[in-house]
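The primary structure of each chain is shown beneath.
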Amino acid sequence: MTEQHEFDKDYWDRHWHQAHHERPDAMTGNLPHPYLARETGDLTPGTALDAGCGTGAEAVWLASHGWRVTAVDLASAALARAAERATTSGVSDRVRFVEADLAVWEPSIGFDLVTTHYAHPAMPQLAFYDRLAAWVAPGGTLLVVGHLHASGTTGHDHHPPAEASVTLADITARLDRTAWEVTTAAEHHRTVTGPGGHENTLHDVVVRATRRS
């Protein structure tokens with residue numbers, strides 16, 4: 001029987017508590033996802049939302065490159081490490097950390113950039129992406145990096161829960177072309193070294209779209 005995940009506060013608090021004890025590097029030493037620089041390097045910095053910021057790698061990278069960042073996550077332990085990272089990097093004045101459930105939280109403004117990397121709230125994954133898209137200001141950018149729904153992988157490949165994975169078509173089909181210009185729609189496979197030196201193959205889906213003014 002397939003295990004189901006709720007992705008609520010208890011789940012994420014347990015996740016980061018376990019990471020703190022078993023993989024302390026995951027709390028402080030992880031690098032920003034490679035797609036972030038690739039997909040945002042040509043954008044003019046403005047306001048950004050990092051939805052599901054975890055320990056802040058992407059939020060700090062964005063702040064270091066001139067963005068004014070709102071970084072939201074449900075897990076207090078992850079946010080504490082993220083705030084430490086922002087202070088150490090000298091960008092704490094450019095990042096506002098918010099502890100909130102993205103399934104119900106509502107921003108007071110639209111953002112020039114809304115990005116998420118593997119975030120899984122306590123709601124259907126595609127409905128979550130719909131929420132994020134609604135927070136992009138006219139002329140702004142949506143960048144979604146998610147777990148690609150894949151089957152038949154072997155070895156030490158990384159298998160996210162089924163309810164947290166999507167296909168490329170799942171995401172792009174929800175972006176009305178009269179309102180959005182999709183500039184990136186790609187599937188990627190990359191190998192990372194995990195705990196114990198095991199190599200994990202990550203199957204990623206990357207979608208970048210601009211809201212038409």
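Cut-offs used in this document
Residues numbered from 1 in each chain as written. Predicted model: local features only at pLDDT ≥ 70, side-chain atom pairs only at ≥ 80, totals over all residues. Heavy atoms only, no water. Phe/Tyr/Trp six-rings, centres within 6.5 Å; stacked < 30°, edge-to-face > 60°. Buried < 20%, exposed > 50% of the residue type's maximum accessible area, 1.4 Å probe, protein only. pLDDT = per-residue confidence, 0-100. Contact = heavy atoms within 4.5 Å. Helix = DSSP H or I, 4+ residues; strand = E, 2+ residues; numbered from the N terminus. Pairing = 2+ DSSP bridges. Right-handed = clockwise from strand over helix to strand, strands pointing away. Salt bridge = Lys/Arg side-chain N within 4 Å of Asp/Glu carboxyl O.

Quick look at the packing of aromatic side chains
So, point 1. Going through the model one piece at a time under the given rule, you end up with two aromatic pairs.
So, point 2. Aromatic side chains Phe128 and Tyr129 sit 5.8 Å apart centroid to centroid with 40 degrees between the ring planes, which places their arrangement in the tilted category.
So, point 3. For Tyr129, a relative accessible area of 5% gives the class buried.

A short note on the confidence of the model for the protein
So, point 1. Here the protein averages 85 in pLDDT, and 78% of its residues register 70 or above.
So, point 2. Here residues 152–158 is modelled with pLDDT under 50, and outside its nearest four sequence neighbours on either side it reaches 13 contacts, counting other chains as well.

Here's the deal with the environment of Ala51
So, point 1. Along the polypeptide, Ala51 turns up in strand β1 (residues 47–51).
So, point 2. Taking the C-alpha atoms as reference points, Ala51 and His120, 69 residues apart in sequence, are found 9.7 Å from one another.

Observations regarding helix α4 (residues 57–64)
It helps to recall that an α-helix has 3.6 residues per turn; residues three or four apart then point in one direction.
So, point 1. With seven of its eight residues buried, α4 lies for the most part within the structure.
So, point 2. Taken residue by residue, α4 has Ala57, Glu58, Ala59, Val60, Trp61, Leu62 and Ala63 as its buried positions.
So, point 3. Contacts made by the buried residues of α4 are with α3 (34–40), β1, β2 (68–73), α5 (76–88), β3 (95–99) and β4 (111–117).
So, point 4. Gly66 sits one or two residues past α4 and shows a positive phi near 100 degrees.

As for helix α6 (residues 125–134)
So, point 1. A large share of α6 lies buried, amounting to seven of its 10 residues.
So, point 2. Regarding α6, the residues found buried are Gln125, Leu126, Phe128, Tyr129, Arg131, Leu132 and Ala133.

Some remarks on the pairing of β4
So, point 1. Of all the seven residues making up β4, six are buried; the element is thus mostly covered by neighbouring parts of the structure.
So, point 2. With four bridges joining them, β1 and β4 adopt parallel strand pairing. Each bridged residue has a counterpart across the sheet, and for Ala51 the counterpart in β4 is Thr116.
So, point 3. For β4 and strand β5 (residues 136–148), the ladder comprises six bridges, and the chain directions are parallel. By the bridge assignment, Val114 is partnered in β5 with Leu142.
So, point 4. Handedness of the crossover is the feature at issue here: the chain leaves β4, passes through α6, returns alongside β5, and the resulting connection is right-handed.

Comments concerning the pattern of salt bridges
So, point 1. Counted according to the given criterion, the structure contains five salt bridges.
So, point 2. Close ionic contact of Glu39 with Arg208 constitutes a salt bridge, the shortest N to O distance being 3.8 Å. You can see Glu39 sitting in helix α3 and its partner Arg208 sitting in strand β8 (residues 199–211), a full 169 residues away along the chain. A single burial state applies to Glu39 and to Arg208, both of which are buried.
So, point 3. Linking Arg131 and Glu106 is a salt bridge whose minimum nitrogen-to-oxygen distance equals 3.3 Å. Of this pair, Arg131 sits in helix α6 while Glu106 sits in the loop between β3 and β4, and the two are 25 residues apart along the sequence.

A closer look at unusual backbone geometry
So, point 1. Even without a glycine there, the phi angle at Tyr118 is positive, about 65 degrees.
So, point 2. Position of Tyr118 relative to the elements: it lies in the loop between β4 and α6.

With respect to the pairing of β5
So, point 1. The buried fraction of β5 amounts to 11 of the 13 residues, a majority that puts the element mostly inside the structure.
So, point 2. With seven bridges joining them, β5 and β8 adopt antiparallel strand pairing. Within the sheet, the bridge partner assigned to His147 lies in β8 and is Asp204.
So, point 3. Direction of pairing for β5 relative to strand β6 (residues 165–166): parallel, over a ladder of two bridges.

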